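# A structural walkthrough
Now for the letters of each chain:
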Amino acid sequence: MPNAKYNLTLPNKSKLEHPGASLARIAPRQYHPEMNSRFSRHVDRDEIVAIVSELVRHDTTNPPGNEHLCKEIVTKCMRSLGMEISYYEKEPGRTNVVGRIGSGDRSIGFVSHMDVVPPGERDQWNTPPFEPTIAAGRIYGRGTLDDKGSFACAYSVCKAFTAEHPDFDGTIYLIAAADEETGSELGIIYLVEECGIRFDVAIIPDGGRMDLSIYGEKGILWVEITSLGIQAHGSTPELGRNAIIPLAELIAQMKSLDLGAQYDHAFDGWTMNIGTIQGGSSANTVPSRARATIDFRLPAGITKEQVLAAIDAKASLVRAASPQAEFSMSVLHETEPHLSDKNSVIIRSFDQAARRLGLPMKYETFGGNTVAKNLFFAGITSVVHYPGDDKLAHVPNEFVIIDELAVGSVLYAETLESYFFD
Ligand SMILES: [Zn+2]
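Sequence order sets the numbering: in each chain, residues are counted from 1 along the sequence as written. Whole-chain, interface and lining totals are the exception, using all residues; otherwise, since this is a predicted model, local features are given only for residues with pLDDT of at least 70 and side-chain atom pairs are given and counted only at 80 or more. To get the side-chain values, all heavy atoms of the structure are used, and hydrogens and water are removed first.

### Some thoughts on the sheet that holds strand β4 (residues 133–135)
We call two strands paired when DSSP finds no fewer than two bridges between them. Runs of H or I in DSSP of at least four residues are treated as helices and runs of E of at least two as strands, each being numbered from the N terminus. One open sheet accounts for 3 strands, arranged β4-β5-β18; its pairing is antiparallel. Either end of the sheet is taken by a strand with one partner, and the two such strands are β4 and β18 (399–401). Strand-to-strand twist of the sheet, defined as the mean angle between neighbouring strand axes without regard to direction, takes the value 20°. As paired elements, strand β5 (residues 138–140) and β18 share 3 bridges and run antiparallel to each other. Paired with I139 across the bridge in β18 is V400. Relative to the sheet, helix α10 (residues 402–421) contacts β4, β5 and β18, its axis offset from that of β18 by approximately 60°. Think of each axis as a best-fit line through the C-alpha atoms, taken over the contacting stretch in the case of a helix, with angles from 0 to 180 degrees between the N-to-C directions. It only takes one pair of heavy atoms within 4.5 Å for two residues to be counted as in contact.

Here you go:
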């Protein structure tokens, strides 16, 4: 039911024209923040705000990362809970902090990340991205939601849960990971594959929305197409062969790429984004090389081979019209799609918690990749859920709603209770 205490006024409404702003939830809340949970009395909004603000003040844009800048703040949080703390760095400055409490067999990990994406064009921001700004019940700044707010929330969960259950029989890991935004090689992959960090299940506050949990993620396929030509003086183009023109023709053909409908319909389809195009060195030189990179997000059932063959068929069409066109293709990055078992103990525990609190919850798949995918292939099932809205991640004027961090704290604490006690 709507909560009258909520301030739903947007600051600088007319300036908030980024994609997330159109989704800014100005509709009445579907839930009541002061919910009937005994954990809520341990949730300290001021403390959460202070932690998020401190973390956001430290610029951990990845690349280069510099997650070590958050080490002290995160350590302080973990120490206050009596956690055992370990540090792991695959590269200097790329610090992962792992806190652990409890010693029982059943274990669960909260994985948040300390790196953030670049702020982008500064003139798109109404407030400086690395100076947290509090307005209308929100904190604005890069990383307020993705994923420093999530860390503050996960900390708050551990605090609330251990306050109610100081002698619980289990183990909780609270992880502030590095390098999530560029593939986690120095983060969760390193922790799981090389440092022996292990837990049974995980909560990843890094995707979805307050009323939406993500149980499956598409695979990623990044393809680079290179067009080769022959360099010549710009005044005598007939002596060379322009590499840009066939690439432009191929990209135009890509608009009608068809990968069919034979895929797992737990996913909503496939997507393609032509992300970069580069070529040539100066206006007066015939370019001998041009490149484009394309990002595909693929459901289970559409293979890499299928995509490459479909691109190749389009390249043949271009070559039919321009026989000298010469293309090569390479795969820059790929991940497999995955679907978690909706009946797994962690998803059931989470769902029970949401029901107990009267929070509506949907379960969907998406095209993003979180560390849940890395964990899935390491045999660890996760719940992916944001104490916010993932449409606000990576955009200018990123913000997090303070009440949602509080609601997330209660929701995940209730999840722990179901997980450890039911
Ligand atoms: Zn994130």
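### Regarding the nonpolar core
It is characteristic of soluble globular proteins that their nonpolar side chains tend to be buried jointly. For the purposes of this section, nonpolar cores are sets of buried Ala, Val, Leu, Ile, Met, Phe, Trp, Tyr and Cys residues that join through side-chain atoms within 4.5 Å. When a residue's accessible area, from a 1.4 Å probe over protein chains only, is under 20% of the maximum for its type it is buried; when over 50% it is exposed; and in between it is partly exposed. Among the nonpolar cores identified, the biggest contains 67 residues, and V74, I108, F110, F151, I172, L174 and L411 are the most heavily contacted of them. If you tally residues by element for this core, the top one is α10, at 11 residues. Ignoring sequence-local partners within four residues, the contact set of F110 consists of A154, V157, C158, I172, Y173, L174, I175, I203, Y412 and L416.

### Observations regarding the coordination of the zinc ion
Tetrahedral coordination by four donors sets the ideal angle at the metal to 109.5 degrees; octahedral coordination by six donors sets it to 90 or 180 degrees. Note that water is not among the atoms used; donors are N, O and S atoms within 2.8 Å of the metal (3.2 Å for Na, K and Ca), so sites may look incomplete. Binding of the zinc ion to the protein goes through H113 (NE2), D146 (OD), D206 (OD) and D206 (OD), at separations of 1.8 to 2.7 Å. Note on geometry labels: four donors, all angles 85 to 135 degrees, give tetrahedral; four donors become square planar and six octahedral when opposite donors are over 155 degrees apart and every other angle is between 65 and 115; remaining cases are irregular. What the 4 donor atoms of the zinc ion show is an angle range of 52 to 145° at the metal, which sorts the shape as irregular. Spacing between the donor residues of the zinc ion along the chain follows H-x32-D-x59-D. Separated by 33 residues along the polypeptide, H113 in strand β3 (residues 107–113) and D146 in the loop between β5 and α4 (148–164) bring together distant segments of the chain. You'll find H113 and D146 in the same group, each marked buried.

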